[in-house]
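# A structural walkthrough
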Amino acid sequence: MVRHRLRFAKVVAKGMRPRTWLVSALVTVVLVLNSCVDERGLIPLILDHDGAPDDYIALLMLAGSRCCDLRGVTVSYGLGYRDSAVETSALLLDAMGLDVPVAGHDPALRGRNSFPETWRDSSFHLRTLPMLQGLDVRSDPHDAVALLVDVLENAEQPVTVLATGPLTNISAVFDRRPDLLGKVQRLVVMGGALRVPGNVRDPEEPEALATAEYNFFVDPVGADRVIAMAAQGLDITIVPMDVTNELPLNQAWLDRLKRNSSYGARLATGILGAVEHLIQTGRYYLWDGAAVLALWHPEGLRFEKKSLRVMTTGSEEGRIRTDDSRAASVKIATGISEQAQPMDRILDWVTNVPERRN
Ligand SMILES: [Ca+2]
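Residues numbered from 1 in each chain as written. Predicted model: local features only at pLDDT ≥ 70, side-chain atom pairs only at ≥ 80, totals over all residues.

### Quick look at the packing of helix H3 (residues 53-65) against helix H14 (residues 287-296)
Running from N to C, H3 and H14 cross one another at 25 degrees; their axes reach a closest spacing of 7 Å. Judged by the angle between their axes, H3 and H14 are roughly parallel. Like other packed secondary-structure pairs, H3 and H14 cross with a definite hand, here right-handed. Of H14, the residues touching H3 (which contributes Asp-54, Asp-55, Ile-57, Ala-58, Met-61, Leu-62 and Ser-65) are Trp-287, Asp-288, Gly-289, Ala-291, Val-292 and Trp-296. In terms of residue class, the contact of H3 with H14 is made up of eight nonpolar, two polar and three charged. (Axes fitted to C-alpha atoms, helices over the stretch in contact; angles between N-to-C directions. Helix = DSSP H or I, 4+ residues; strand = E, 2+ residues; numbered from the N terminus. Parallel < 35°, antiparallel > 145°, perpendicular 65-115°, else oblique. Left-handed = near helix turned anticlockwise from the far one by under 90°. Contact = placed C-beta atoms within 7 Å. Nonpolar A, V, L, I, M, F, W, Y, C, P; charged D, E, K, R; others polar.)

Listed below in structure tokens is the structure:
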């Protein structure tokens, strides 16, 4: 679609005066970056995330895609620490000139498991980024579930929900207010591992095959409750590790980012500084960025429809399995399409974020 538009623009450009050509080129750039926007305009969206560096890259991608009207950002119990994640989210939004409410989870609302502390510490320094100093921090007085309920209740049209952390907040919202399921256009979730190993390793048996992915492992009951809501009409897309494994963030991509002088590139470089040692050793992936691709660039991914369950007990806790006893199915991404250039698309969005003008 995008390539066709570019080719069309090249044909039209022949015979145009330079100024007309420039206007045409600019319109093409806007169309390429906004290929997600249709006649309905910007898509109302809520981001529920868990404060890891790749969650913030996903936030930059959302802002730079110019596809959505961001209505709220909430923090779930997950990889980041709540207060740090709320503050960093609010600072980033302010840096981009976006006036969006941010709320952290109720401290009592957490899954039964946790991310390793060493992973959690990687999110810690982000509030100290020099670019974020002197900006305002405005967090919403609500907790995350109350803010999610408020945004959905008051939305004039169904809202898209992107969840890039454990599903604790999301399951709590609809347990409390099942009537609000009808206010969700669709839910896109990063989590799970379908046909590839997971990333949850048993410290006592580190050589054993990992079957669960951490977002679902941290709150397997919440994850399974949300997936079961497909039977109540919730349109769910899951982006598991089968896809994110194909999105390694390597040194070459980081170097391209660093060479780019845009505001968004500088923000992203600062954020990824927390995990540069992992990037250098080939162990960092844009897990949550893959979920944004599923939202705005679905032709770049392959999908299947499946009836799924998340195992909630035992040695497979947090693992997703197909379960045909569940009539309702969800859409699950299974890989990157041939020809797709997802890292180029991600770079386009990140380098296109707005900058607050004082
Ligand atoms: Ca995350």
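### With respect to helix H12 (residues 263-272)
Buried within H12 are the following residues: Gly-264, Ala-265, Leu-267, Ala-268, Ile-271 and Leu-272. Along H12, the residues classed as buried sweep out an arc of 160 degrees about the axis, all on the same side. In this fold, the buried residues of H12 make contact with H3, helix H4 (82-95), helix H11 (251-259), helix H13 (276-280) and helix H15 (342-350). (Buried ≥ 20, exposed ≤ 12 C-beta atoms within 10 Å, placed from the backbone. Arc of directions from axis to C-beta.)

### Comments concerning the nonpolar core
Among the nonpolar cores identified, the biggest contains 105 residues, and Leu-60, Leu-62, Val-189, Val-239, Ala-290, Ala-291 and Val-350 are the most heavily contacted of them. Apart from residues no more than four positions distant in its own chain, Val-239 is found in contact with Val-188, Val-189, Met-190, Ala-290, Ala-291, Ala-294 and Ala-333. (Core = buried A, V, L, I, M, F, W, Y, C linked by C-beta atoms within 7 Å.)

### Some thoughts on the environment of Asp-55
Structurally, the position occupied by Asp-55 is in helix H3. Using a count of 30 C-beta atoms within 10 Å as the deciding quantity, one classes Asp-55 as buried. Sequence-wise, Asp-55 and Asp-288 are 233 residues apart; in three dimensions their C-alpha atoms are separated by 5.7 Å. In contact with Asp-55, other than residues within four places in its own chain, are His-49, Asp-50, Thr-164, Gly-165 and Asp-288.

### As for the environment of Asn-352
Mapped onto the elements, Asn-352 comes out in the segment after H15. The exposure class assigned to Asn-352 is buried, which follows from the 20 C-beta atoms found within 10 Å. In this structure, the C-alpha to C-alpha distance between Asn-352 and Ala-265, residues 87 residues apart in sequence, is 8.4 Å.

### Section: the pairing of strand E1 (residues 43-49)
Among the seven residues that make up E1, seven are buried, leaving the element largely enclosed by the rest of the structure. Residues Ile-43, Leu-45, Leu-47 and His-49 point to one face of E1 and Pro-44, Ile-46 and Asp-48 to the other, with burial holding for every one of them. Taken together, the seven bridges between E1 and strand E2 (residues 68-75) define a ladder with parallel strand orientation. Following the sheet pairing, Asp-48 is matched in E2 by Thr-74. With respect to chirality, the unit in which E1 leads through H3 into the neighbouring parallel E2 is right-handed. Across four bridges, E1 lies against strand E4 (residues 159-163) in parallel orientation. Residue pairing in the sheet places Asp-48 in a bridge with Ala-163 of E4. (Pairing = 2+ DSSP bridges. Right-handed = clockwise from strand over helix to strand, strands pointing away.)

### Re the sheet that holds strand E3 (residues 102-104)
Strand order in the open sheet formed by eight strands is E3-E2-E1-E4-E5-E6-E10-E7, and the pairing between neighbours is mixed. In this open sheet, the two strands that pair with only one neighbour each are E3 and strand E7 (301-306). Direction aside, the axes of adjacent strands within the sheet are offset by 20 degrees on average. Contacting E1, E2, E3 and E4, helix H6 (residues 144-154) crosses the sheet at an angle of about 155 degrees to E2. Packing against the sheet, H14 makes contact with E1, E4, strand E5 (184-190), strand E6 (236-239), E7 and strand E10 (330-336), and its axis sits at approximately 150 degrees to E5.

### Regarding the pairing of E5
Within E5, five of the seven residues are buried, which leaves the element mostly enclosed by the surrounding structure. Pairing between E4 and E5: five bridges, direction parallel. Its bridge partner lying in E5, Ala-163 is registered against Val-189. For the crossover from E4 across helix H7 (residues 168-176) to E5, the handedness is right-handed.

### A short note on the packing of H11 against H12
At a closest axis distance of 8 Å, the pairing of H11 and H12 adopts a crossing angle of 135 degrees. Overall, the two elements H11 and H12 adopt an arrangement that is oblique. Between H11 and H12 the crossing geometry is left-handed. Residues Leu-254, Leu-257 and Lys-258 of H11 pack against Ala-265, Ala-268, Thr-269 and Leu-272 of H12. Considering only residue class, the contact of H11 with H12 consists of five nonpolar, one polar and one charged.

### Overview of unusual backbone geometry
Of note, Arg-66 is a non-glycine position whose phi angle comes to about 55 degrees, a positive value. Looking at the secondary structure, you find Arg-66 in the loop between H3 and E2. A positive phi angle, close to 80 degrees, is found at Gln-339, a residue other than glycine. Residue placement: Gln-339 occurs in the loop between E10 and H15. Looking at Gln-339, the number of C-beta atoms within 10 Å reads 8, which means it is exposed.

Everything listed here is a matter of geometry and, on its own, says nothing about what the molecule does.
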